[in-house]
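In case you want the letters, here they are:
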Amino acid sequence: TGPIGLYNLGQSCCLNSLLQVFLMNINFTGILRRITVPPRAGQRRSNVPYQMLLLLEKMQCGKRKAVRPTELACCLSAHRVELFVQYDAAQLFLHLWNLIKKQMKKLELVEELSDLYTICIQEHLACQNCYFEIKNNSSMLTLPLPVLDSNSHRLKTLEDCLQYFFQPEELTGQNMCFCEQCGRKAPFLQSMKLVHLPQTLTIHLKRFCFEKSSYTHKLSHYLPFPRDLDFNEVLTENQCQADDNEKATWQYGLFAVVAHSGSTSCGHYCAYIQSLTECKWYCFNDSEVCQVSWDDVKCTYGHSNLHWGETAYLLIYMKKHPQ
């Protein structure tokens, strides 16, 4: 029937945009279709994966241009995702993902969901006096990329943001760390190295800037992002901790953009998503869905003089050649 919209139930544009990104991802819906259906009516009403599955079926079976995600919204309200609230798309994505994972009963589906979205990073701390090293592996669901450097200068491209994120930082002066081998505080070099990238990679552009006055403003400057992204061409050998087989899968194609327009206190979200079956781009603006061009998607690059304009906030890439 083609892409179906979701009616806005009360400032639910952020939720609607994220739901479309989840449900247009056939890798995610392949997991969703294999969940265990809760046996009792009350359990079904409060189970997020099950309610998402019902919504997906309603969208696919109906002949209307849009459907109301009422039952899912009621389910989410029981898990502190209320309507009539302005949400941050990056935070709501993490909250939704954790709810979905927590309520999936089959362990193999939990593992598949984690594999589909989880990024693996190795954190390094190296003493600059004796070269004592501490290494910690950690995982994250999004790559939170700054769009300004430490001197508040604008980073010009997505590739620059990635390079800056993985750039080593010297910890000196008040930021020195205690070195077990030296027995005293010493300057350290802190860095992060990329270990593993998932099938579906979510990048969070940190366009909302918090100032000392507690005032939050939006960074709307022009920041282009590519349709095709190869991490082997962006990061150096020192910024990676992966073997050749892993790196061979680090070529990505853009799948979706969650864009924000307006200000931090009064904004609106929509999603640009490429259909994996048709290879066409669509704009999902609550109940309105229309086909768009790549030039329309590029309009979310941002513009310094249009602080209320539409800017990309979440970028979702998919592996071209998964293992």
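Residues numbered from 1 in each chain as written. Predicted model: local features only at pLDDT ≥ 70, side-chain atom pairs only at ≥ 80, totals over all residues. Heavy atoms only, no water.

## Some details on the sheet that holds strand S4 (residues 133-140)
Strand pairing in a sheet is mediated by backbone hydrogen bonds. Such pairs are either parallel or antiparallel. One open sheet holds the four strands; their spatial order is S4-S3-S9-S6, and the pairing between them is antiparallel. Taken across any chain shown, the strands that pair with only one partner, and hence form the sheet edges, are S4 and strand S6 (169-171). Strand-to-strand, the axes of this sheet are offset by a mean angle of 25°, without reference to chain direction. Bridge count between strand S3 (residues 119-127) and S4: eight bridges; the pairing is antiparallel. From the neighbouring strand, Cys-120 faces S4, where its bridge partner is Ser-139. (Pairing = 2+ DSSP bridges. Helix = DSSP H or I, 4+ residues; strand = E, 2+ residues; numbered from the N terminus. Axes fitted to C-alpha atoms, helices over the stretch in contact; angles between N-to-C directions.)

## Details of the domain arrangement of the protein chain
Once the domains are mapped, the protein chain shows domain 1 (1-118) and domain 2 (142-165 + 200-322). Taking the mean C-alpha position of each, domain 1 and domain 2 sit 22 Å from one another. With 29 residues of domain 1 in contact, the opposing surface of domain 2 contributes 29 residues. Here domain 1 meets domain 2 over a buried area of about 2200 Å², counting both sides, of which 66% is carbon and sulfur. Three residues, Pro-3, Val-21 and Met-24, lead the burial of domain 1 against domain 2; their summed loss comes to 23% of the area buried on that side. Here domain 1 is connected to domain 2 by one salt bridge. (Domains from an automatic or database assignment. Contact = heavy atoms within 4.5 Å. Buried area = accessible area lost by both parts, 1.4 Å probe. Salt bridge = Lys/Arg side-chain N within 4 Å of Asp/Glu carboxyl O.)

## What to know about the packing of aromatic side chains
Counted under the stated rule, the structure contains 15 aromatic pairs. Note on Phe-231 and Trp-250: the rings are 6.5 Å apart at their centroids and 70° apart in plane angle, and the pair reads as edge-to-face. Linking Phe-231 in helix H9 (residues 231-234) with Trp-250 in the loop between helix H10 (244-247) and strand S14 (251-262), this pair joins segments that are 19 residues apart in sequence. Under the relative-accessibility criterion, Trp-250 is labelled buried at 0%. Here the aromatic residues Phe-22, Phe-28, Phe-93, Trp-97 and Tyr-117 are joined through ring pairs into a cluster of three or more. The aromatic ring of Tyr-7 is capped on one face by Arg-68, whose charged end is 4.5 Å from the ring centroid. For the cation-ring pair, Arg-227 lies above Trp-294, with the distance from its terminal atom to the ring centre recorded as 4.7 Å. (Phe/Tyr/Trp six-rings, centres within 6.5 Å; stacked < 30°, edge-to-face > 60°. Buried < 20%, exposed > 50% of the residue type's maximum accessible area, 1.4 Å probe, protein only. Lys NZ or Arg CZ within 6 Å of the ring centre and 35° of its normal.)

## What to know about helix H8 (residues 158-165)
Every buried residue of H8 is listed here: Leu-158, Cys-161, Leu-162 and Phe-165. Each buried residue of H8 lies within a common arc of 100° when the element is viewed along its axis, so the set occupies one face. Where H8 is buried, its residues touch strand S5 (142-146), strand S9 (188-196), strand S10 (200-206), strand S13 (228-230), H9 and strand S18 (311-319). (Arc of directions from axis to C-beta.)

## Considering the environment of Ser-304
Here Ser-304 lies in the loop between helix H11 (294-298) and S18. Overall, Ser-304 belongs to the partly exposed group, its relative accessible area being 25%. Considering only alpha carbons, one finds Ser-304 and Thr-216, 88 residues apart in sequence, at a separation of 16 Å. Not counting residues up to four positions away in its chain, the partners in contact with Ser-304 are Arg-154, Ser-220, His-221 and Tyr-222.

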